[in-house]
There are 2 protein chains.
Amino acid sequence: MPSPEPSSAAAALRERLAELDDLGAAGRLLAWDQQVMMPPRGAAARGEVMATVERLAHARATDPALGALLDELAADAAQPDAGVVRVARRDHLRAVRIPEALVGEIALAAAAGQEAWLAAREARDFAVFAPALERNVALRRELAACFPELAHPYDALLDVYEPDLTTARVREVFGALREGLVGLIAAIAERPQPPELRGPFDVGAQREIALLLARGLGFEDDGWRLDEAVHPFALAIAPGDARVTARFDAASLSGLFAVLHEMGHGLYEHQVDPALARTTAGTGTSLGIHESQSRLWENLVGRSEPFWSHHYPRLQAAFPAALRDVDLAGFHRAINVVRPSPIRVHADEATYSLHIVLRFELEVALLEGTLAAADVPAAWTDGMRELLGIEVTDPLDGPLQDIHWAAGELGYFPTYAIGGIVASQLWEAIRGDLPELDAALARGDYEPLRAWLAERVHRPGRTLTPAEVLRGATGQDLDPGPLLAHLHAKYGALYGL
Amino acid sequence: MPSPEPSSAAAALRERLAELDDLGAAGRLLAWDQQVMMPPRGAAARGEVMATVERLAHARATDPALGALLDELAADAAQPDAGVVRVARRDHLRAVRIPEALVGEIALAAAAGQEAWLAAREARDFAVFAPALERNVALRRELAACFPELAHPYDALLDVYEPDLTTARVREVFGALREGLVGLIAAIAERPQPPELRGPFDVGAQREIALLLARGLGFEDDGWRLDEAVHPFALAIAPGDARVTARFDAASLSGLFAVLHEMGHGLYEHQVDPALARTTAGTGTSLGIHESQSRLWENLVGRSEPFWSHHYPRLQAAFPAALRDVDLAGFHRAINVVRPSPIRVHADEATYSLHIVLRFELEVALLEGTLAAADVPAAWTDGMRELLGIEVTDPLDGPLQDIHWAAGELGYFPTYAIGGIVASQLWEAIRGDLPELDAALARGDYEPLRAWLAERVHRPGRTLTPAEVLRGATGQDLDPGPLLAHLHAKYGALYGL
């Protein structure tokens, strides 16, 4: 067959990418429904359906005809869809290097790992889970071996979630976090704590306030949903269909912050250039950049005094018994307490990163073979004592608390801390570009911030790499300095250090 | 390649059918979510995703390798999976006879037809829709031409929804319905009507009662959902995940009967033999048999005096203002009023079939080319006058009321009337086999009926044809006699004819 004209090759690519993105959308809906709507007895069948959709998508993504099309288009310098082609080619070239059999084994081990993890939690015994973790680690070694050109095998795992980030760079950055935070947290521990908020906070009223906050941020009733899920998450099924979840609990207001966090993820997806719809480039460029958006809205906006100066009167009115005697300054202090906890998802802005540093160090040691799965609990206890000064005794509060390793998601955790770092880097740039930001936040006007993020972060989707997005928006590479400066300044003031 | 061993061929077939059913499950979830959960702005993208999933499923269903596998297995008389093979082979041999291009054109015309239908409803002008209908009819002629061996082109359309049913047989059966019902309805029109129920009926209370009724019928909280949808429907996403929808309206109790109706569909899917899961045979055998189940629970159970003798006290307590002065006999009369209406979905048990007879006659004439789409409104007006004695003036109350023709679903309507006929045939058999049925219903015990239906109708799924199911359960072929006898007896008593 003669090779098609460039324009028809571009059209053929768009058709193939549309198909891949459509299968992705079906997978996203299956996942959303699984966590939000599905009756529990549907779980086994749902796993099969999701695996089939993923298998078909993988088969289409590794089709040699797609590779030929991408080679042809990549060779054409005048190609208007260059960003889309680059992303698609990267995905294809990566996918074809992983044997189909390994993809299947990884999926099976992830399912078995989650079962073993649940059984270990039931038994409160890490040993029940250790063999499954060992198996997941072994399969990740096989995966890494598909990319022998990388400097460190863990680079291949990072690459799944945070393209181009290296283990060496994470080590440097996390070293700086450890150095900059351990002392700060120890100093805070010496200071008196502010009074805590005391509920109960009616769950129905929280839901209403959450929706009000979400609408301010950009939630629109005809294009978004807010539902409840045990483990909150956000995703965009497709253009015009963004879905945010949260969990509300009468004992605290954490559900409100979960909504701000998930809205950050939702806004990123929502503001990607519509011209990238139905391609594989029309989504967030990495989990780290994604997490920077959720952290920015949750912490830098949502735990700030200007933000609550607008919303606090309404919150107080919604919970008069609990908040009548708490003024804005007291509320602001109470939502910015630093208190080391063994549980990552309960961690505050200052201690959170150290939970990640520990997990990263253990993952690298597991992959390198210098740590056996069975020895994780001891290493965990040592690490938590060293980093946060706390003693972990219950394995449910230790290495059995997260599902990630059970699901085989090694290399994922670092993106959470990267997100916090990037959020502070962006925030510095935003402060420079938007000198009136506090005034806007204090009147509930998020448009300037949303527009800045759309332009500098969201619109390009995956057509820019994470490093390109960061450099474009801030002029810098990944740098923990702004996060450390922010935390020292903020908690220095709040705790009178 | 040597031909695989029978057992491995059977395993290979199961694998392919599992994939097809998994894609079907993804499609069902996409459809359910579209009608129940999706934010409206997601509609355009959802259409694309559903089309992609369907296209991939069609490509897998017509794969020549599947055909070869089915030929091999069909030749093996000792094949234990014979029913599954027969169904899969029937689907495959049918699918490969329809050109891929025609499948695509039919999908596009259905999407365009629904747009034109909405525009025509907006304009209250059938002429806006007529060209799209003409196009859908023309494509159905092309589809029928793929099956030249059939006695009538409309047979090819019936076959999609009701395998093996012929146009000739529908003509006979519908002729008998027309003859048996027109006089009955005219006679009822001469008689005084019972007092109507007067609401309002609080929607929240209706929802609670509906759930209570559904639980009695077999709804289980960990394996079913009840949600609201503008056009109620039911489907099973997969084993352990049955979903029923309804619409509640304070002006009437029609939502309760919608739930009983949809539970009938849900129970059918729920009680198919689990050994047929993840094959293409593990679902209802035809739309007519499906509708027999919904009609049976809605009308023969749900509009009976024994059923309400158990539930009515609770209903009265839930709506004291509306029902305080209505006794059980009065309620039973009120929910069994016969009153011709131009709207099919508002029709009662007696007039419903005649709405279908009209649509069938028009569909056949359209396909034969003896009726032009533009002339449908006039034919409709004549037909409604003749069959139900009512004058249709607004096209929204006439041929623009149903979405089926817009979506290209010609051949679908007859199954609604077939369902009513089959329900009465089954009911006669059930009465013979379960002499204590009324007593069971009067104490809210549906287990004997549910077990009878599971055994005689539900378990075989598609491994028996509709005619085989009917013959196995009743010893008879399709026969409108029991429905006519039931309606004459019931309304004879209620209206003193």
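Residues numbered from 1 in each chain as written. Chains lettered and ligands numbered in written order. Predicted model: local features only at pLDDT ≥ 70, side-chain atom pairs only at ≥ 80, totals over all residues. Heavy atoms only, no water.

Right, let's get into the interface of chain B and chain A. Across the contact, 37 residues belong to chain B and 37 residues belong to chain A. Each partner contributes to the roughly 3,000 Å² buried at the junction of chain B and chain A, and carbon and sulfur atoms together form 61% of this total. In this structure, aspartate 33 of chain B engages arginine 243 of chain A in a salt bridge whose closest nitrogen and oxygen atoms are separated by 2.8 Å. Along the contact surface separating chain B from chain A lie 18 residue pairs in polar contact (both at pLDDT 80 or more). Counting only elements with at least two residues in the side of chain B that touches chain A, the list comes to helix H1 (6-36), helix H2 (43-61), strand E1 (224-228), strand E2 (234-238) and strand E3 (241-246) of chain B. Of the residues assigned to the side of chain B that touches chain A, the class counts are 18 nonpolar, 5 polar and 14 charged. (Contact = heavy atoms within 4.5 Å. Buried area = accessible area lost by both parts, 1.4 Å probe. Salt bridge = Lys/Arg side-chain N within 4 Å of Asp/Glu carboxyl O. Polar contact = N/O pair within 3.5 Å; in protein donor to acceptor, adjacent residues only side chain to side chain. Helix = DSSP H or I, 4+ residues; strand = E, 2+ residues; numbered from the N terminus. Nonpolar A, V, L, I, M, F, W, Y, C, P; charged D, E, K, R; others polar.)

In this section: the relation of the copies chain B and chain A. Rotating chain B by 180 degrees about the axis while translating it 0.0 Å along that axis superimposes it on chain A, leaving an RMSD of 0.0 Å. Between the two chains, the operation in question is that of a two-fold axis. In terms of C-alpha distance to the rotation axis, chain B has alanine 26 of chain B as its closest residue, with the C-alpha 3.4 Å off the axis. Looking at chain B, 100% of its interface residues are interface residues in chain A too, so the copies touch through the same face. (Least-squares fit on C-alpha atoms with pLDDT ≥ 70 in both.)

Residues and elements named next belong to chain A. Within the open sheet, the 3 strands sit side by side as E1-E3-E2. Their pairing is mixed. Only two strands of the sheet have a single neighbouring strand rather than two, namely strand E1 (224-228) and strand E2 (234-238). The sheet shows a mean angle of 25 degrees between the axes of neighbouring strands, direction not considered. Judged from the 5 bridges that link them, E1 and strand E3 (residues 241-246) form a sheet pairing that is parallel. Residue pairing for E3: tryptophan 224 is matched across the bridge by alanine 242. (Pairing = 2+ DSSP bridges. Axes fitted to C-alpha atoms, helices over the stretch in contact; angles between N-to-C directions.)

All names here are of chain A. Counted by the stated rule, this structure contains 36 aromatic pairs over all chains. Joined through ring pairs, the aromatic side chains of Tyr161, Tyr352, Trp380, Trp405, Tyr412, Phe413 and Tyr416 make up one cluster. Just above the ring of tyrosine 352 sits the side chain of arginine 295; from NZ or CZ to the centre is 4.1 Å. (Phe/Tyr/Trp six-rings, centres within 6.5 Å; stacked < 30°, edge-to-face > 60°. Lys NZ or Arg CZ within 6 Å of the ring centre and 35° of its normal.)

With 17 residues, helix H15 (residues 352-368) of chain A ought to run about 24 Å at 1.5 Å a step, and its terminal C-alpha atoms sit 25 Å apart, in line with that. One or two steps after H15 of chain A, the chain reaches glycine 369 of chain A, where phi turns positive at roughly 85 degrees. (Expected span 1.5 Å × (residues − 1).)

A low pLDDT means the predicted coordinates there should not be read in detail. The share of residues in chain A with pLDDT of 70 or more is 99%, and the mean pLDDT across the chain is 95. As a predicted assembly, this complex carries a pTM of 0.94 together with an ipTM value of 0.93. (pLDDT = per-residue confidence, 0-100.)

Glancing now at the domain arrangement of chain A. Residues and elements named next belong to chain A. Domain boundaries assigned for chain A yield domain 1 (6-152) and domain 2 (153-497). On a C-alpha basis, the centres of domain 1 and domain 2 stand 25 Å from each other. Counting residues at the interface gives 45 residues for domain 1 and 58 residues for domain 2. Taken together, both faces of the contact between domain 1 and domain 2 bury some 4,400 Å²; the carbon and sulfur share is 61%. Among the residues domain 1 hides against domain 2, the three largest losses belong to Trp32, Phe126 and His152. Together they make up 19% of the total. Applying the counting criterion to the domain 1 and domain 2 interface returns 7 salt bridges. (Domains from an automatic or database assignment.)

The next subject is unusual backbone geometry. The omega torsion of the bond from glycine 199 of chain A to proline 200 of chain A falls at 5 degrees, within 30 degrees of zero and hence cis. Among the structural elements, proline 200 of chain A can be located in the loop between helix H8 (167-189) and helix H9 (203-217). Phi is positive for aspartate 164 of chain B, which is not a glycine, with a value near 80 degrees. The residue aspartate 164 of chain B is located in the loop between helix H7 (153-161) and helix H8 (167-189) in this model. For arginine 278 of chain B, which is not a glycine, the phi torsion comes out positive at approximately 60 degrees. Take arginine 278 of chain B: it is sitting in the loop between helix H10 (254-270) and helix H11 (287-301). Arginine 278 of chain B sits in the partly exposed class, given a relative accessible area of 25%. (Buried < 20%, exposed > 50% of the residue type's maximum accessible area, 1.4 Å probe, protein only.)

When you line up the elements, threonine 393 of chain B lands in the loop between helix H16 (376-388) and helix H17 (414-433). Taking the C-alpha atoms as reference, threonine 393 of chain B lies 7.8 Å from threonine 381 of chain B; in sequence the two are 12 residues apart.

The subject of this paragraph is the sheet that holds E1 of chain B. All names here are of chain B. With mixed pairing, 3 strands are arranged side by side in an open sheet as E1-E3-E2. The open sheet is flanked by E1 and E2, the only strands paired with a single partner. When strand polarity is set aside, the average angle formed by the axes of neighbouring strands in this sheet is 25 degrees. Pairing of E2 with E3, which is carried by 4 bridges, proceeds in the antiparallel orientation. Within E3, the position partnered with alanine 236 by the bridge is alanine 242.

Under the definition given, this model contains 86 salt bridges over all chains. In this structure, arginine 97 of chain A engages glutamate 149 of chain A in a salt bridge whose closest nitrogen and oxygen atoms are separated by 2.8 Å. With a gap of 52 residues between them, arginine 97 of chain A in the loop between helix H4 (82-95) and helix H5 (100-123) and glutamate 149 of chain A in the loop between helix H6 (130-145) and helix H7 (153-161) connect regions that are remote in the sequence. Taken together, the salt bridges that share partners define one network made up of Arg16, Glu19, Arg60 and Asp63 of chain A together with Arg55 of chain B.

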